[in-house]
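Take a look at the letters that make up each chain.
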Amino acid sequence: MTIAEALRSVRARIGAAAQAAGRDAEAVRLVAVSKTHPASAVREAYEAGQRDFGENYVQELLQKAEELADLPDLRWHLIGHLQRNKAKLVAPLLSLLHTVDSVELARELDKRLAASASPGTLPVLVEVSIAGEEQKHGLAPEHLAELLQGIEALPRLALHGLMCVPPLTEDPAGALPHFQRLARLRDEHGGASRLPELSMGMTHDLEQAVAAGATLVRVGTAIFGARPAALR
Ligand SMILES: *Cc1c(COP(=O)(O)O)cnc(C)c1O
């Protein structure tokens, strides 16, 4: 299957899931996750009409952004954990940062943006550790109110919503309660007017995410093929 064909099939999955949930497919944006795949694959997807791309690692994003600098309306999303000391490098490049999980990171981003030449604000999502315990990144739900207020107080960040990466379950249905929990948290913290975006759902569970209200699904494998297992 070519990348263009794969994109069509993923868009069809999103469309069918949206229809089943009584939602408008236009309300679900596809972020093509290109980590570990070369810039040429991103270009191929771009030529097939895809504009939003997600990367997990700062260095890799910087390299691809440079190679693809001739594609001006390509939108980069950082969907992996961002270390504070790398904030400066990527902040001006990003269209959306999905993984703010501390007020320290938010403040650092704000400071770096204020000091940079780029005007405007950086749209961000707060990554919530929806299953707690074993998750490495993401904010515990009980601290959400504080971080949301902290972000809103920063002039160079724009709060757009919430993101989660639930623990991988063999059966995609296992992800549904986690996605529903993120949607509930959104409702408890101001609803869609304050938090319009819900970033959730990947290759194997995008249907469950769309059913639960995802506005951004992050899909890699179904578009670009399998990655080496060590580089998940
Ligand atoms: C890698 C990754 C994805 C894409 O996963 P696939 O299963 O390949 O679709 C989505 N979100 C995050 C946070 C990821 O790290």
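Before any of the text, the structure's been laid out above.
This report concerns the structure included in the present document. (Residues numbered from 1 in each chain as written. Predicted model: local features only at pLDDT ≥ 70, side-chain atom pairs only at ≥ 80, totals over all residues. Heavy atoms only, no water.)

Side note on the pattern of salt bridges
Overall, the coordinates contain 12 salt bridges when judged by the stated rule. Salt-bridge contacts for Glu108 lead to Lys111; the nearest nitrogen and oxygen are separated by 3.9 Å. In this pair, Glu108 and Lys111 are both assigned in helix α5 (residues 103-115), three residues apart and thus about one turn of the helix distant. Of the residues examined, Lys111 reaches a relative accessible area of 51% and is grouped as exposed. (Salt bridge = Lys/Arg side-chain N within 4 Å of Asp/Glu carboxyl O. Helix = DSSP H or I, 4+ residues; strand = E, 2+ residues; numbered from the N terminus. Buried < 20%, exposed > 50% of the residue type's maximum accessible area, 1.4 Å probe, protein only.)

Remarks on the site of the ligand
As a matter of local geometry, the ligand sits amid 13 residues, with Lys35, Asn56, Thr203, Gly220 and Thr221 nearest to it. Thr203 is positioned such that a nitrogen or oxygen atom in its side chain is 2.5 Å from an oxygen atom of the ligand. Note that an oxygen atom of the ligand is positioned 2.6 Å from one of the side-chain N or O atoms of Thr221. For the ligand, whose free accessible area comes to 390 Å², the fraction covered by protein is 93%. (Near = heavy atom within 4 Å. Polar contact = N/O pair within 3.5 Å; in protein donor to acceptor, adjacent residues only side chain to side chain. Areas by Shrake-Rupley, 256 points an atom, 1.4 Å probe, with all protein chains shown as cover.)

Regarding the nonpolar core
Across soluble globular proteins, you tend to see nonpolar side chains buried next to one another. In terms of nonpolar packing, the biggest core is built from 68 residues, with Leu109, Val126, Leu162 and Val217 touching the most fellow members. In this structure, Leu109 is in contact with Leu82, Ala87, Ala91, Leu97, Val100, Leu122 and Leu157, ignoring residues within four places of it in sequence. Core analysis: the second largest hydrophobic core is formed by five residues, Val31, Leu125, Met163 and Leu216 among them. (Core = buried A, V, L, I, M, F, W, Y, C linked by side-chain atoms within 4.5 Å. Contact = heavy atoms within 4.5 Å.)

Side note on the environment of Gln83
If you trace the backbone, Gln83 turns up in the loop between β3 (75-78) and α4 (87-90). Residue classification places Gln83 among the partly exposed positions, given a relative accessible area of 43%. Counting along the chain gives 82 residues from Gln83 to Val165, while the straight-line C-alpha distance between them is 18 Å.

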